[in-house]
Amino acid sequence: MLGLVALLHVVMALLAWQALRPPGRVVEPASQQVLQVRFIPRAAIETAAPPPPVMPPLPQRSPPARTKPATTRVMTMTLPATPPSRQPVILYDRDGQPLLPAASASSAPPDYVSHALQGDRRIMQHADPIKYKATSLDKYFPPPDETLGGAALRHVVDAVVKDTDVDLPGGIHLKCKTVVGVPIPDCINPPAPPSAKDGDERLSMAPSKPLAPDPHAPKPPSVEACIAIYRANKPLPWGCPTDTPNRAVDAEQRDRAAAAARGD
């Protein structure tokens, strides 16, 4: 095995030497392809530049003679030892009105004169711009300034005092408060819940009047059918008059009068 590995190394070395050895014959380039470089010798004597001309010296000027003033009285100025104190500039008075210069007697009076605020000056103070009014929903939320003891007392009252529905003969329905399960004379008669008439035509907006009548329009129900549907506590269909409840009351009164006349 080792001999085979050594033989492979020898073969690889021979192939590498065969590929990398230089060629045996050097081909000389043709004379036309030779780049010739010639050096031109620099001139031994160069033309010297002429020297710059010499400028003549400037003549010296004598300083001007100083003359004394004709008189010894000259103007002098002295500064004060301490500068005068400056008063602060006030543009507005205590009411916020601008301070204007006094008008001269010859000038015309202005068309508008700004007067200062008179009366109660606190009218412009908005300490509480949002005025809050208590609603019926306040009982479901704790007060904002409630203390820890007040919160505990409120929870105790809510656990002891409850609301109970009481049904009396004659269809009277009351809502009373109970303390530890015992009713107390604190009852109210809540209003009756609204009728469940989700599809009532009276709750919809008035339909727009078409330009041309519909030839296939559905026939509206009769007034008696609308009264019967209303008495059955069902939504009124399209075409029933909007005063169907009043007509139902009138029809009931007529029925009672007819029954009383027959002696029923």
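Computed from a predicted structure; not experimentally measured. (Residues numbered from 1 in each chain as written. Predicted model: local features only at pLDDT ≥ 70, side-chain atom pairs only at ≥ 80, totals over all residues. Heavy atoms only, no water.)

1. Some points on the overall build of the chain
Along the backbone of the chain there are four helices and three strands. For the chain, the N- to C-terminal ordering of α and β elements is α-α-β-β-β-α-α. Split by element, the accessible area of the chain, about 26,400 Å² in all, is 63% carbon and sulfur. (Helix = DSSP H or I, 4+ residues; strand = E, 2+ residues; numbered from the N terminus. Areas by Shrake-Rupley, 256 points an atom, 1.4 Å probe, with all protein chains shown as cover.)

2. Describing the state of the cysteines
Inspection of every chain in the model, using the stated rule, returns two disulfides. One disulfide in the model links Cys176 with Cys187; its S-S distance is 1.9 Å. Disulfide Cys176-Cys187: the torsion about the S-S bond is 115°, which places it as right-handed. Of this pair, Cys176 sits in strand S2 (residues 172-179) while Cys187 is found in strand S3 (residues 182-188), placing the two residues eleven residues apart along the sequence. A residue is classified by how much of its surface remains accessible, and Cys187, at 35% relative accessible area, is partly exposed. The disulfide partner of Cys226 is Cys240, and the gap between their sulfur atoms is 2.1 Å. Every disulfide takes its handedness from the sign of the S-S torsion; for Cys226 and Cys240 that torsion is -85°, giving left-handed. (Disulfide = S-S within 2.5 Å. Buried < 20%, exposed > 50% of the residue type's maximum accessible area, 1.4 Å probe, protein only.)

3. Looking at the pairing of S3
Buried residues are scarce in S3, accounting for zero of its seven residues. Relative to S3, S2 runs antiparallel, the two sharing four bridges. Its bridge partner being in S3, Val179 is matched across the sheet by Val182. (Pairing = 2+ DSSP bridges.)

4. A short note on the sheet that holds S3
By way of backbone hydrogen bonds, the strands of a sheet pair with one another, either parallel or antiparallel. Taken together, three strands build an open sheet; the order of strands is S1-S2-S3 and the sheet is antiparallel. Looking at which strands have only one partner, the edges of the open sheet turn out to be strand S1 (161-168) and S3. With strand direction ignored, the average angle separating the axes of adjacent strands in the sheet is 40°. Direction of pairing for S1 relative to S2: antiparallel, over a ladder of eight bridges. Within the sheet, the bridge partner assigned to Asp163 lies in S2 and is Lys177. On the sheet, helix H2 (residues 148-160) packs against S1 and S2 and is oriented at approximately 25° with respect to S1. (Axes fitted to C-alpha atoms, helices over the stretch in contact; angles between N-to-C directions. Contact = heavy atoms within 4.5 Å.)

5. Details of the environment of Lys219
In this fold, Lys219 is placed in the loop between S3 and helix H3 (223-231). Using a relative accessible area of 77% as the deciding quantity, one classes Lys219 as exposed. Residues Lys219 and Trp238 lie 19 residues apart in sequence; the distance between their C-alpha atoms is 9.4 Å.

6. Description of the packing of H3 against helix H4 (residues 244-262)
Contact geometry for H3 and H4: axes closest at 9 Å, N-to-C directions at 95°. With respect to H4, the axis of H3 lies roughly perpendicular. Residue-level contacts link Val223, Cys226, Ile227, Tyr230 and Arg231 of H3 to Thr244, Pro245, Arg247, Ala248, Ala251, Glu252 and Asp255 of H4. (Parallel < 35°, antiparallel > 145°, perpendicular 65-115°, else oblique.)

7. Observations concerning the pattern of salt bridges
Within the structure shown, the criterion is met by six salt bridges. Across the pair Glu146 and Arg154 runs a salt bridge, and its minimum N-O distance is 2.8 Å. For Glu146, a relative accessible area of 25% gives the class partly exposed. The partner of Arg231 in a salt bridge is Asp255, with the nearest N and O atoms 3.9 Å apart. On the criterion of sequence distance, the pair formed by Arg231 in helix H3 and Asp255 in helix H4 is long-range, its members being 24 residues apart. (Salt bridge = Lys/Arg side-chain N within 4 Å of Asp/Glu carboxyl O.)

None of the figures reported here should be taken as evidence of function without further support.
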